[in-house]
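Below are the chains, spelled out letter by letter.
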Amino acid sequence: MKAAYYEGLHEIVVRDAPEPEPGPKDIFVRVRACGICGTDQHIYDGDFGGPFPLIGGHELAGDVVAVGSETLGDVRVGQRVAVSPNLSCGSCFYCRRGQVNHCLRWSAIGVTRDGGFADYVVAPEANVYPIDDLDYELAAFIEPLSCVVYGVKRLAIPVGANALLYGAGPIGLLMLQLLDRAGASSVTVVDLKRDKLELAAKLGAHEVVDAGDGADNALREISPLGFDVVVDCTGVPAVVEHMFSHVRNEGKLLFFGVNPTEARVSVSPYDVYRKDLEIYGSFALRYTFHDAFVLLQSGAVDVAPLLSDRFPIEAFPVAFERAASGDAFKVQIQPA
Ligand SMILES: [Zn+2]
Ligand SMILES: [Zn+2]
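Bear in mind that the values here come from a model prediction, so they are computed numbers and not experimental data.

Novice: Give me the packing of aromatic side chains: which residues, what numbers.
Specialist: Centre-to-centre distance and the angle between the planes together describe a pair of aromatic rings. Summed over all chains, the structure comprises 12 aromatic pairs. Each ring, one from F117 and one from F316, has its centre 4.7 Å from the other, and the planes form 50°; the classification is tilted. With F117 in the loop between β8 (107-108) and β9 (120-124) and F316 in helix α11 (residues 316-325), this pair connects stretches of sequence that are 199 residues apart. An identical accessibility class is assigned to F117 and F316; each is buried. The buried category is assigned to F316, whose relative accessible area is 1%.

Novice: Would you mind going over the coordination of the zinc ion (ligand 1) in detail, with residue names and values included?
Specialist: In the first shell of the zinc ion (ligand 1), the protein supplies C37 (SG) and H58 (NE2), at 2.1 to 2.3 Å from the metal. A residue pair is termed long-range when its members are at least 10 positions apart, and C37 in the loop between β3 (26-36) and α1 (38-44) and H58 in the loop between β4 (54-55) and β5 (59-67) qualify at 21 residues. Owing to a relative accessible area of 4%, H58 belongs among the buried residues under this scheme.

Novice: Describe in detail the coordination of the zinc ion (ligand 2), supporting the description with residues and values.
Specialist: At 2.3 to 2.4 Å from the zinc ion (ligand 2) lie its protein donor atoms, namely C89 (SG), C92 (SG), C95 (SG) and C103 (SG). Spacing between the donor residues of the zinc ion (ligand 2) along their common chain follows C-x2-C-x2-C-x7-C. Since its relative accessible area comes to 31%, C89 is described here as partly exposed.

Rules of the game
- Residues numbered from 1 in each chain as written.
- Chains lettered and ligands numbered in written order.
- Predicted model: local features only at pLDDT ≥ 70, side-chain atom pairs only at ≥ 80, totals over all residues.
- Heavy atoms only, no water.
- Phe/Tyr/Trp six-rings, centres within 6.5 Å; stacked < 30°, edge-to-face > 60°.
- Helix = DSSP H or I, 4+ residues; strand = E, 2+ residues; numbered from the N terminus.
- Buried < 20%, exposed > 50% of the residue type's maximum accessible area, 1.4 Å probe, protein only.
- Donors = N, O, S within 2.8 Å, 3.2 Å for Na, K, Ca; no water.

Here's what the structure looks like:
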């Protein structure tokens, strides 16, 4: 088969690879669509995942080609499926408490073991979700959406809250739609890029604000006392720090974007105390894959406008560059 490898640090090679060997409890999947995500850039840079050589790709959908001899029959040959990449051990401290995204032996398909930037991938049966006849390229959004579902569940938005969202990339635009669905009375979106704000407005943002010099004034005009819910989907430390300037008393902040591991921000503990603030983190997903699937299947969340680029696997290096440029929305690899 053809596969795109992270061969080493900052080194991508598309080459022939042996087909993966499914174990007795595994499902053998032909990949039809696999999204490139910010995590792939982190793997490329060597600050996450590995070891190399590694086939990346953790946002994937395809067809079941074969099933292992000890599978339970919940997934069958010929079904369309999406693959949840996260693998947990089941027996560590966190797994025994159901906190599987914090598994002490956490690993993931396309991050620590071979993933979907290839013609075929294998995954344990429990990680393979039948998706009826949902389009492959829409189904490849189930994984990022399931992370957003997890974050929004943690946040537990008070119904009627007004929300402020920083960042209108693919994740921000999923977050926008879910905040709206989850009970926010309005969502205001801030971004640097005009085309992103335009798409945010089309997808339901009540107000869009250009992140330039006038942003603070514009936000105070929209809501003089600030916002009940403030969410960061940029992963930019300066933006995270700035969230505190626009949160209302008894407001909730969600740190969703992935910041650099060494980043530090300055926060006033007095303000957190005085304003009754609640601060949330959100890592990966936890049993939210099915919810994300049905949100896509029903049309409650629209991802079609977020898909900007499709490339065959042979063009992976070009696709990767395009995703890193910041000019694209979601870039997918779609093996022939
Ligand atoms: Zn991802
Ligand atoms: Zn575990």
